[in-house]
Amino acid sequence: MHNENQSLIFELTKPGRVGYNLEPLDVPELDLADLLPAGYVREEAAELPEVSELDIMRHYTALSRRNHGVDSGFYPLGSCTMKYNPKINEAVARYSGFANVHPLQDESTVQGAMELLYDLQTSLQEITGMDEVTLQPAAGAHGEWTALMMIRAFHEANGEGHRNKVIVPDSAHGTNPASATVAGFETITIKSGEDGLVDLEDLRRVVGPDTAALMLTNPNTLGLFEENIIEMAKIIHEVGGKVYYDGANLNAVMSKARPGDMGFDCVHLNLHKTFTGPHGGGGPGSGPVGVKADLIPFLPKPVLVKKEDGTFHFDYNRPQSIGRVKPYYGNFGINVRAYTYIRTMGPDGLKAVTEYAVLNANYMMRRLEEFYDLPYNRHCKHEFVLSGRRQKKLGVRTLDIAKRLLDFGYHPPTVYFPLNVEEGIMIEPTETESKETLDAFCDVMIQIAKEAEENPTIVQEAPHTTVVSRLDEARAARTPVLRYTK
Amino acid sequence: MKHRYLPMTEQDKQEMLATIGVDSIDALFSDIPEEVRFQGLYNIKEAKSEAALMKELAALAAKNKDTAANVSFLGAGVYNHYKPVIVDHVISRSEFYTAYTPYQPEISQGELQAIFEFQTMIAELTGMDLANSSMYDGGTSLAEAGMLAAGHTRRKKILVSGAVHPEYKDVVTTYAYGQSIEIVTVPTKDGVTDIEALKGLVDDQTAAVMVQYPNFFGQIEDLQTIGEITHDAKGLFVVSANPLALGVLTPPGKLGADIAVGDAQVFGISENFGGPHCGYFAVTTKLMRKVPGRLIGETVDEQGRRGYVLTLQAREQHIRRDKATSNICSNQALLALAASVAMTALGKQGIQEVAKQNIVKTRYAKNAFEAAGFEVAYQGAHFNEIVVKTKKSVTEINKGLIEKGIIGGFDLGRVYSELENHALIAVTELRTKEEIDALVAEMGAYNA
């Protein structure tokens, strides 16, 4: 265990050291005071580090060793789809013709990039069963909001601007209600039933002439397929609302069920989950939105189209568009990675992805059900949720179990989510893990369950092997220190 | 056929099915109603081997004219700057790029500390009290600033300078519509925000005034005066600033800004055909609890060792749901890391030297254009962009330039009807005297 604090880069500074070099100025030297207005020449230099190139590499290498990624070990973080991030994706995204292209170059000079985006759009239409796709949204939440803005524009165009309610199940990701608020809607939360699925009676009770949309994740965050989806879509459509598919869990149903066939009017995808754009420590993502025909006029501008002569074009002449949701055309680099992945897998591969993702989750669920409570005991899809309430009675919280897993080199599952499970432990293995990995993790989970009975202290005081122990989050929030000061 | 990302063997599968108690994988999908079950396979292109796919996509990439093989004078919000080679080495460490959001701080100290350092560097450069861990890009960051301002002031009107990046302004407008916020454009005069017009537009309903620094035309705005006008009306002053320019320009925090936003693409991030880039968001302390997105804070562990955690999370969507300050979840963490490495490499000295080279080389280009008989539209102080009037369509000129290996400036006529035949020319530290001279000469051929 390290006892010394890891240095901040600012603490390594020694005045006079540099980590860069430039060509000497080859035009006449001028004085900034002659080029800028009085008062606009910076007087106090920004205190950036002064370190050598090797200092920088050592510093960030040291930091990287204090971080756990998918390549470091198993990462069964529920609802996050922490699958392997293929290295070919990284290589292709760095091709100079993709990485070093400016978004405002003349279209004739970027046809290769546009062709890739168009082919990706077309593939995602097929995968989702939608009529058109925009690649502009930068992340899942951004896609949710984009789609809701389109739904709002659709209702307004039909003289139904009074529709201001968006219905969200209690098991939904927090971004769903937050996106509804940002798009100017009010959220109505509906309960899940005893079976973990949306309660149809509760849904019927809340719909009405003010219903703008229902946002649904399917399978839901319990990893359960909403079997009544056709009926739910019917309930919403009958009152004139739109049904929105949160594609966070698409990994569970690829080639098995398409949102477009299930009655959904629009969908967002997380290309950084299902389609292997790496998570990057929190981003960047990419959150394309697919829509059915009646929402097409409202797509964000510009829309990428293929002209009759086979060339690609950004169409800005979209009078009913909600406008632009992001400068330029989306997180292109992530879209390149997702496209590379789709082309690597092909139709057979994507089907196998879902089958193994679901097989793996069900296998783990059955191996663990004896040792942890399983609130919803039926086939799951790509993930499942255990409850730590049995261990809680022994004084061991789900948080403790998560921290104990760190001692074995695992990233813990998502915990305390969804909100409708007490002491929830949400496990998503993904398809890229081997049976040996799943078994080893299950063995450790079983060991921790036994420790909770026989030696709870070792769990309660975990982690024991990490570079820091549990951190004082209350202190961080009470007296915020958000930057280094000398 | 076995796939290299899918490790399960037939034997594994059979053992697992036996444990589950079903005889086929299909049985696990029996909960999907028959009428919505997708039959068969997606109609997408067949899989390709690694080598064949790399070859195909390399050919596709080669169809594009890139800024490495050509000489670029195109900026307009995205710039061709020096990218230290170490940036890619650091962000290629898979401990960083294959990690999720650092929700488990004990095994995420690397990411958390790196982003804490990013927050510090952005706060230093902007002169603001604090910065968040990143936003999608400069445009959405500006839009979020507008929403924060409207919420904070409980006012529903935002004044946006006509010299703000037009695509940023479009994004602000889209977000504002969702929040029923009115957007009013402040006219420009001589390439900068028209101060007199601004005075006439600011009122007691003004939530924020937004300007860009340097502005879309490369000009330096009078932040001091605009900030005073804004504060007299009790609105928030929002500045979208190029953080590289702040190496030599007085930072927004010293000139009255309440919120400073922008894009850190200028620090070690490739153009990437428009994304991913790296939005930043910085504020004064009084707005700390209204900031969108993630914040990293310093604390200690049980043994008193320094450590970092996600903090003030009560602002965020996963806690507050429909009451959150923003819906942002994923951000641009990996690009924030890239920008941190680049800011560190440049360091205290380098950022000044690079920023100054941008100004001085741009001034050289301005003089060269004028000497060659071109009119340069605005004569105020500039950073690394100038507006050059042409006699022919800029788009047409650019089609000729690309044949000579030059990516020309942005055609302002694409956005502003009154600026037809005006090119926005960006000159960064990477452009040599020889390249600038060649640009002027080549464009001169169209100016006869």
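Predicted model, so just to flag it, every value in this text is computed and none were measured. (Residues numbered from 1 in each chain as written. Chains lettered and ligands numbered in written order. Predicted model: local features only at pLDDT ≥ 70, side-chain atom pairs only at ≥ 80, totals over all residues. Heavy atoms only, no water.)

1. Description of the overall build of chain A
When helices and strands are counted, chain A shows 15 helices and 12 strands. In terms of overall dimensions, chain A is globule-like: its C-alpha atoms have a radius of gyration of 25 Å, near the 23 Å expected for 486 residues. Looking at chain A residue by residue over its 486 residues, the buried ones come to 68%. If you sum the accessible surface of chain A, you get close to 15,600 Å²; carbon and sulfur atoms cover 47% of it. Taken as two groups, the 48 positive and 66 negative side-chain charges of chain A have centres that lie 3 Å from each other. (Helix = DSSP H or I, 4+ residues; strand = E, 2+ residues; numbered from the N terminus. Rg over C-alpha atoms; globule rule 2.2 N^0.38 Å. Buried < 20%, exposed > 50% of the residue type's maximum accessible area, 1.4 Å probe, protein only. Areas by Shrake-Rupley, 256 points an atom, 1.4 Å probe, with all protein chains shown as cover. Lys, Arg positive; Asp, Glu negative; His and termini not counted. Charge placed at Lys NZ, Arg CZ, Asp CG, Glu CD.)

2. Focus: the interface of chain B and chain A
Where interface size is quoted, it is often the accessible area lost as the parts come together. Facing the 198 residues of chain B at the interface are 209 residues of chain A. Inspection of the region where chain B meets chain A yields 17 salt bridges. In this structure, the salt-bridge partner of D26 of chain A is K361 of chain B, at a minimum N-O distance of 3.7 Å. Between the two partners, chain B and chain A, sit 108 residue pairs in polar contact (both at pLDDT 80 or more). (Contact = heavy atoms within 4.5 Å. Salt bridge = Lys/Arg side-chain N within 4 Å of Asp/Glu carboxyl O. Polar contact = N/O pair within 3.5 Å; in protein donor to acceptor, adjacent residues only side chain to side chain.)

3. A few points about the sheet that holds strand β10 (residues 279-283) of chain B
All names here are of chain B. The strand order across the open sheet built from seven strands is β2-β10-β9-β8-β7-β3-β4, with neighbouring strands paired in mixed fashion. Where the open sheet ends on each side, the last strands, each with one partner, are β2 (130-131) and β4 (182-186). Relative to β10, β2 runs antiparallel, the two sharing two bridges. Each residue of the ladder has a partner; that of A131, found in β10, is A282. (Pairing = 2+ DSSP bridges.)

4. Overview of helix α9 (residues 229-238) of chain A
Residues three or four positions apart in an α-helix share a direction because the helix packs 3.6 residues into each turn. All names here are of chain A. Regarding α9, the residues found buried are I229, M232, A233, I235 and I236. End-on, the buried residues of α9 take up no more than an arc of 155°, which puts them together on one face. Where α9 is buried, its residues touch β2 (165-169), α8 (200-206), β4 (211-217) and β5 (242-247). (Arc of directions from axis to C-beta.)

5. Looking at the nonpolar core
In this structure, L124, L203, F275 and M445 of chain A together with F273 of chain B are the most contacted members of the largest nonpolar core, which totals 127 residues. Among the elements that take part in this core, helix α10 (residues 332-368) of chain A stands out by supplying 18 residues, more than any other. Those residues in contact with M445 of chain A, other than ones at most four positions away along the chain, are L368, Y372, L386, I401, L405, I425 and I427 of chain A. With 108 residues, the next largest nonpolar core counts I220, L249, L255 and L346 of chain B among its residues. (Core = buried A, V, L, I, M, F, W, Y, C linked by side-chain atoms within 4.5 Å.)

6. As for the packing of helix α2 (residues 53-64) of chain A against helix α5 (residues 109-126) of chain B
Taken N-terminus to C-terminus, the directions of α2 of chain A and α5 of chain B make an angle of 135°; their axes are 7 Å apart at the nearest point. Considering the angle they form, α2 of chain A stands oblique to α5 of chain B. Across the interface between the two elements, H59, Y60 and L63 of chain A from α2 of chain A touch G110, Q113, A114, E117 and M121 of chain B from α5 of chain B. (Axes fitted to C-alpha atoms, helices over the stretch in contact; angles between N-to-C directions. Parallel < 35°, antiparallel > 145°, perpendicular 65-115°, else oblique.)

7. With respect to the packing of helix α5 (residues 111-128) of chain A against α10 of chain A
All names here are of chain A. It is the contact of α5 with α10, at a shortest axis distance of 10 Å, that shows an interaxial angle of 50°. In terms of orientation, α5 and α10 fall into the oblique class. Of the two elements, α5 crosses α10, and the hand of that crossing is left-handed. In this structure, α5 contributes A113, L116, L117, D119, L120, S123, L124 and I127 to the contact, and α10 contributes F332, N335, V336, Y339, I342 and L350. (Left-handed = near helix turned anticlockwise from the far one by under 90°.)

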